[in-house]
Amino acid sequence: MRFWTFPLLCTLSILLSSCELFRTTTRSKPVSRQTSYRAPVNRSTTASRSSYGGTSASRSYAGASAAASPATPAKYALTKKAEYNPKAVRYDKQLVNDLINTAKSYGGTNYRTGGGTSVGLDCSGLVQVSFKQIGLKLPRTAAEQANVGQSISVSDLRPGDLVFFNTEYKGFGANRINHTGIVTHINGSEGVMFIHASSSRGVIEDNLYNDYWQRGFIKATRLLD
């Protein structure tokens, strides 16, 4: 019996070792599960990266920025009718004040041929951007603007009317309109102030009865009735 005991013990020892190895292998699986469990961290990282490129968090931030600095719309919305018929916008004191204040806000702006922004303006550009603020889209050049609205006499001028000139005076093109301005203030028969973009002084106000402007005066028109 003792002779067979030793091999039996060896066999049992080998079997137990195999079982222990099996248990060790089995216990190693949770480590694999633990590693795979970290996947949500990776997904979170991916979401964070994608949010930088435009997830809902990014869009809400953009929306908050837009809400903080909204675009400022024109006070008087343009209508299709007003674009082609300036008299579609009726005359009233507040509207004329807005028109004139818009023009005056460009005071001191440098003259620039073809300009229509605060960087630089020409005479018809100043008239165009000022009337656009109250809802009227006018033609671009002074000669074209002179054909819009109703012609009136100087004695009938009121704030908001337009005055037109030819600053070449004599010779070829003496009757060609090349300058315009907006009447801002009436002070008797000798004090009609208008704002315009001067090629030498930028946006400034002048008196219609100044000799220089009297020599070049062509006509006056009314757009607001």
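Visitor: Got a sec to walk through the overall build of the chain? Specific residues and values, please.
Guide: The secondary structure content of the chain amounts to nine helices and eight strands. Expressed as a percentage of its 225 residues, the buried residues of the chain come to 29%. Taking all contacts inside the chain whose residues are at least 6 apart in sequence as the whole, residues at least 24 apart take part in 54%. With the model as given, the accessible surface of the chain reaches about 14,500 Å², and the carbon-plus-sulfur share is 56%.

Visitor: So what about the packing of aromatic side chains? Which residues, and what values?
Guide: A complete count under the given rule lists five aromatic pairs for this structure. On the numbers, 5.4 Å between centres and 90 degrees between planes, the contact of phenylalanine 194 with tryptophan 213 is edge-to-face. A residue pair is termed long-range when its members are at least 10 positions apart, and phenylalanine 194 in strand S6 (residues 192–198) and tryptophan 213 in helix H9 (residues 211–216) qualify at 19 residues. We note that phenylalanine 194, like tryptophan 213, is buried. These aromatic residues form a ring-pair network of at least three members: Phe165, Phe194, Tyr212, Trp213 and Phe217. Directly above the ring of tyrosine 91 sits arginine 158, whose terminal nitrogen or CZ lies 3.7 Å from the centroid.

Visitor: Residues and numbers for the pairing of strand S7 (residues 202–207), please.
Guide: Where S6 and S7 come together, six bridges link them in antiparallel fashion. Across the sheet, the residue bridging to phenylalanine 194 is aspartate 206, located in S7. Hairpin connection of S6 to S7: three residues between the antiparallel strands.

Visitor: I'd like to hear about the pattern of salt bridges, residue by residue, with values.
Guide: Under the defined criterion, the tally for this structure stands at five salt bridges. Residue arginine 140 is joined to aspartate 122 by a salt bridge in which the shortest nitrogen-to-oxygen separation is 3.1 Å. Pair noted here: arginine 140 is in the loop between helix H7 (123–133) and helix H8 (142–145) and aspartate 122 is in the loop between strand S2 (120–121) and H7, with a separation of 18 residues, a long-range link. Classification of aspartate 122 by relative accessible area gives buried; the value is 8%. Measuring nitrogen to oxygen at the nearest pair gives 2.9 Å for the salt bridge that ties arginine 222 to aspartate 161. Linking arginine 222 in strand S8 (residues 217–222) with aspartate 161 in the loop between strand S3 (150–152) and strand S4 (162–165), this pair joins segments that are 61 residues apart in sequence.

Visitor: Lay out the environment of threonine 109 in plain terms, naming residues and giving numbers.
Guide: Mapping threonine 109 onto the fold places it in the loop between helix H6 (93–104) and strand S1 (116–117). In this structure, the C-alpha to C-alpha distance between threonine 109 and arginine 201, residues 92 residues apart in sequence, is 8.7 Å. The residues touching threonine 109, leaving out its near neighbours within four places in the chain, are Thr117, Ser118, Val119, Gly120, Leu121, Gly202 and Val203.

Visitor: Can you lay out the confidence of the model for the chain for me, pointing to particular residues and giving the numbers?
Guide: Averaged over every residue, the pLDDT of the chain is 74; residues scoring 70 or more account for 58%. Between residues 24–73, whose pLDDT stays under 50, and residues either more than four places distant or in other chains, the model counts five contacts.

Visitor: Which residues make up H7, and what values go with them?
Guide: Within H7, eight of the 11 residues are buried, which leaves the element mostly enclosed by the surrounding structure. Within H7, burial applies to Cys123, Ser124, Gly125, Leu126, Val127, Val129, Ser130 and Phe131. Glycine 135, located one to two residues past H7, shows a positive phi value of around 100 degrees.

Visitor: Would you mind going over the packing of H6 against H7 in detail, with residue names and values included?
Guide: With their axes 8 Å apart at the nearest point, H6 and H7 run at an angle of 140 degrees to one another. Relative to H7, the element H6 lies oblique. The chirality of how H6 crosses H7 is right-handed. Only Leu126, Val129, Ser130, Phe131 and Gln133 of H7 make contact with H6, whose side of the interface consists of Leu99, Thr102 and Ala103. The residue inventory of the contact of H6 with H7, partitioned by class, reads five nonpolar, three polar and no charged.

Visitor: Quick one: what's the story with the pairing of S6, residue by residue and with numbers?
Guide: In terms of residue burial, S6 counts as a mostly covered element, since six of its seven residues are buried. Bridge count for strand S5 (residues 179–186) against S6 is four bridges, and the pairing is antiparallel. Of the residues in S6, the one forming a bridge with histidine 185 is methionine 193.

What counts as what
- Residues numbered from 1 in each chain as written.
- Predicted model: local features only at pLDDT ≥ 70, side-chain atom pairs only at ≥ 80, totals over all residues.
- Heavy atoms only, no water.
- Helix = DSSP H or I, 4+ residues; strand = E, 2+ residues; numbered from the N terminus.
- Buried < 20%, exposed > 50% of the residue type's maximum accessible area, 1.4 Å probe, protein only.
- Contact = heavy atoms within 4.5 Å.
- Areas by Shrake-Rupley, 256 points an atom, 1.4 Å probe, with all protein chains shown as cover.
- Phe/Tyr/Trp six-rings, centres within 6.5 Å; stacked < 30°, edge-to-face > 60°.
- Lys NZ or Arg CZ within 6 Å of the ring centre and 35° of its normal.
- Pairing = 2+ DSSP bridges.
- Salt bridge = Lys/Arg side-chain N within 4 Å of Asp/Glu carboxyl O.
- pLDDT = per-residue confidence, 0-100.
- Axes fitted to C-alpha atoms, helices over the stretch in contact; angles between N-to-C directions.
- Parallel < 35°, antiparallel > 145°, perpendicular 65-115°, else oblique.
- Left-handed = near helix turned anticlockwise from the far one by under 90°.
- Nonpolar A, V, L, I, M, F, W, Y, C, P; charged D, E, K, R; others polar.

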